[in-house]
Each structure stands twice: as C-alpha cells, then as structure tokens.
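These are the residues of each chain, in order.
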Amino acid sequence: KGYFEDKFLQHFVTKRAKRSPLINRGYYSRVAAFDLVVRDFLQNGKDPKICPLPVRSPENELGAESKSKVNPNDHQKGSCAQLKQIVCLGAGFDTTYFKICKAGYSGFRYIEADMPDIVRRKSHIIHATKELEKFVEISSVDTNDTKEDEESDIHTPTYHLAGCDLRDTKQLDKVMKECGADFSLPTLFLSECVLIYLEPKFSTAVIKWAAEKCRGGGGYGRFLCYEQIRPDDPFGITMIRNLESRGCALRSLKAYPTLKSQIKRYKEAGWTFAESQDMNTVYSKILDPKDKKRIEKLEMFDEFEEWHLFGAHYALTIGTYLP
C-alpha cells in the first residue's frame, strides 16, 4: 500500500493479507515509531540530552541512506567497531537488522532472541535467501554446536540469532554470553508486543534484568516497548476478548494498565527515568507531519472514532538508564 518501505519483509511473510485502512495506519505508526528510535540511537548513542522520542523527519527513516560518519561497508567486510548494540527480545520475524544494514549503518552488534521454534524458522529463511545471507555474512556462522536448540542459532561479527525462553533470565544470561554481548556499550533493547503475553512476574523480571545488565556493565541503555494498555473500558474489554478467543492472552495487561503504571514499573525495575505515551500522542506529536500527510492520501479513511480508540489502547514506553 506504500505506507512504509521494507523490501525484506517479503522473505518472511509470503501471504499478503488485505487489511482495512485503520489497521494499515496502525501498522505504519508502530513501524515509524520504532524506526525513528532505532535510528536516533544509532546516530546519537549515549547522549542523555537526546529526547527519548525524537520528532521524525524524512532524514530519520531507516529506508534512507545513513549520514553516519562510520564506514557503511564495514559490515560487509566482517569488520565492526562494536560501538553500540541492539538486543531484540522476542524478535519473531522482525527485519530491523536488515533495514539498518541497507541504510548503511555499521559499528553495532545486533542480537535477536526468541523461542527456539521461531529461531529455527527464521534461521531457515535466512539460510535459504541470498539477499539476507549477504547482510548476515552467513559464511561466518558458528556451526560447531550440536544441541538441537542450538542448530539454528546464528553467530556472526554483527548479527546473532539465538533460541531462548524469555521467562528464564538465567537462560537469557547464557544466550547473551554466547552472543558476545557487551553491556559497557550503549545498548538499545527492543520489545514489540512480546512482554504483554507473559505473566507479570516474568515480564517485569525481563525489564529488571535489562536494567541490571546496563548497571553491571556500566553502559548507557534504553528499553523500547510497545504493547496494549487500558483494559477496563468497553474497547479494552472487547480487545482482550477478541485476542483471548484466538489464544492470545494478555497476561501482564491488568498489572500495568495505564501510562503511569508503565512509568512506575520501569523506574522500580532500575531504569533512571521512563516515558510512556499512547499511540494517539505518538502519531499526532512525534511522527513526521509531512510523512503523515503522504500516508493519509494513500486510501480513503473514515474510521476516525475507531482510530482514536485504537491509538488510546496501545502505548510506546521507553526506559533510559544513565550510568
């Protein structure tokens, strides 16, 4: 539909579903928000003066060529200065790594962790797709592991894909060690509609674990999380019912139902400060106005009441750790 550019998505999602303009605009907001935070992190790193949710501009898109001073070909040469790292928790078939490589960024380590069965499927697609292999440097894959859950893990100079149950932080520690994670580096954690499906004790343990990694390593950190909020009004009740009917229980939602409870959660977990905004605010005040005008012309849209209800029930939360 032209809402955003992602040439890599076709390799992971083969069937194109016909979605309503409301859903398309919602996906755009979600992708645009994550892209701007990732790019801001790569460009600005550990400057605490940078707003956690910077205003998006046409130059602040992962589809655009990077103006970073680092050599954009470093990742192709197998050389990485390892100046920063990104840890994607519950990565699924996310394509962010490939997008930032295409944009010309280098000097980073990218780690993806998810359940072993998801990792096996993603690893198989990467191995079978030359375009993806090129960015992952598949020739550098460590194939010495023989355990079943490790057969599909990928470890290269800049990219790591590893199977892990996020409910087990000791297992997370083991995976981070295998991936060569260095938490003295500025680190961005990403979690997109993942922790909400865990029981509160497990989801909060992951947030606390990430803060402890930054504190223990002495590095600057951010934790970007996108998930549902406000479960108790009519829209929220319907949202929960629909997801549960498909076997998707939002186990942490009732424990952290509001923006204030999300902020409190991150601060109590050890993050220096936190910011949480619903997607109405993200769309209206943070995303680039010129780009919004562009996507608003793509198809007829008359679901304004539903759009604002939808935006009020999803939130973007950022925890920041300052050493």
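These numbers come from a predicted model, not from an experiment. (Residues numbered from 1 in each chain as written. Predicted model: local features only at pLDDT ≥ 70, side-chain atom pairs only at ≥ 80, totals over all residues. Heavy atoms only, no water.)

Draft legend 1. Structural detail: unusual backbone geometry. With phi around 50°, Cys 193 is a residue other than glycine that occupies positive phi space. Within the secondary structure, Cys 193 is located in the loop between β5 (187-192) and α7 (200-217). For Arg 230, which is not glycine, the phi torsion reads 55° and is therefore positive. The topology assignment puts Arg 230 in the loop between β6 (221-228) and α8 (234-245). Overall, Arg 230 belongs to the partly exposed group, its relative accessible area being 29%. (Helix = DSSP H or I, 4+ residues; strand = E, 2+ residues; numbered from the N terminus. Buried < 20%, exposed > 50% of the residue type's maximum accessible area, 1.4 Å probe, protein only.)

Draft legend 2. Spatial organisation of helix α6 (residues 169-178). Within the sequence span of α6, burial applies to Leu 172, Val 175 and Met 176. Buried residues in α6, looked at end-on, bunch into an arc of 100°, giving them a common side. Turned more than 90 degrees away from the buried face of α6, the exposed residues are Lys 170 and Lys 177. Tucked inside the fold, the buried residues of α6 contact β1 (84-89), β2 (108-114), β4 (159-163) and α7. (Arc of directions from axis to C-beta. Contact = heavy atoms within 4.5 Å.)

Draft legend 3. Molecular detail of the state of the cysteines. With the rule as written, the count across this model stands at zero disulfides. Free of any disulfide, Cys 193 has its nearest cysteine sulfur in Cys 225, 8.0 Å distant. (Disulfide = S-S within 2.5 Å.)

Draft legend 4. Representation of the packing of aromatic side chains. In total, this model carries 22 aromatic pairs according to the counting rule given. Between Tyr 97 and Phe 98, the aromatic rings sit 5.4 Å apart at their centres with planes inclined by 80°, giving edge-to-face as the arrangement. Of the two residues, Tyr 97 and Phe 98, neither departs from the other in class, the shared state being buried. Ring-pair connections join several aromatic residues into one group, and the members of that group are Phe 8, Phe 12, Phe 93, Tyr 97, Phe 98, Phe 108, Tyr 110, Phe 135 and Tyr 159. The ring centre of Tyr 256 lies 3.9 Å from the NZ or CZ of Arg 265, which sits over that ring. Over the ring of Tyr 283 we find Lys 292; its NZ or CZ atom is 5.1 Å from the centre of that ring. (Phe/Tyr/Trp six-rings, centres within 6.5 Å; stacked < 30°, edge-to-face > 60°. Lys NZ or Arg CZ within 6 Å of the ring centre and 35° of its normal.)

Draft legend 5. How the structure looks around the side chain of Lys 84. Examined against the element boundaries, Lys 84 turns out to sit in strand β1. Lacking a salt bridge, the buried Lys 84 has Asp 40 as its closest oppositely charged neighbour, with an N-O distance of 9.0 Å. At 3.2 Å, the side chain of Lys 84 and the backbone oxygen of Phe 41 are in polar contact. (Lys, Arg positive; Asp, Glu negative; His and termini not counted. Salt bridge = Lys/Arg side-chain N within 4 Å of Asp/Glu carboxyl O. Polar contact = N/O pair within 3.5 Å; in protein donor to acceptor, adjacent residues only side chain to side chain.)

Draft legend 6. Region of the structure containing the sheet that holds β2. On the basis of which strands lie adjacent, the open sheet formed by eight strands has the order β3-β4-β2-β1-β5-β6-β8-β7 and mixed pairing. The open sheet is flanked by β3 (154-155) and β7 (273-278), the only strands paired with a single partner. As judged from the six bridges shared by β1 and β2, these two strands associate in the parallel manner. Within the sheet, the bridge partner assigned to Gln 85 lies in β2 and is Arg 109. Relative to the sheet, helix α4 (residues 116-128) contacts β2, β3 and β4, its axis offset from that of β4 by approximately 140°. Against the sheet, helix α9 (residues 259-268) makes contact with β6, β7 and β8 (314-321), and its axis sits at roughly 155° relative to β7, the strand it touches most. (Pairing = 2+ DSSP bridges. Axes fitted to C-alpha atoms, helices over the stretch in contact; angles between N-to-C directions.)

Draft legend 7. Local environment of α7. When the terminal C-alpha atoms of α7 are compared, their 26 Å separation across 18 residues agrees well with the 26 Å that a helix rising 1.5 Å per residue should span. Listing the buried residues of α7 in full gives Ser 203, Thr 204, Val 206, Ile 207, Trp 209, Ala 210, Ala 211 and Cys 214. On the buried face of α7, the contacting elements are β1, α6, β5, β6, α9 and β8. Positive backbone phi, approximately 80°, marks Gly 218, located one or two places after α7. (Expected span 1.5 Å × (residues − 1).)

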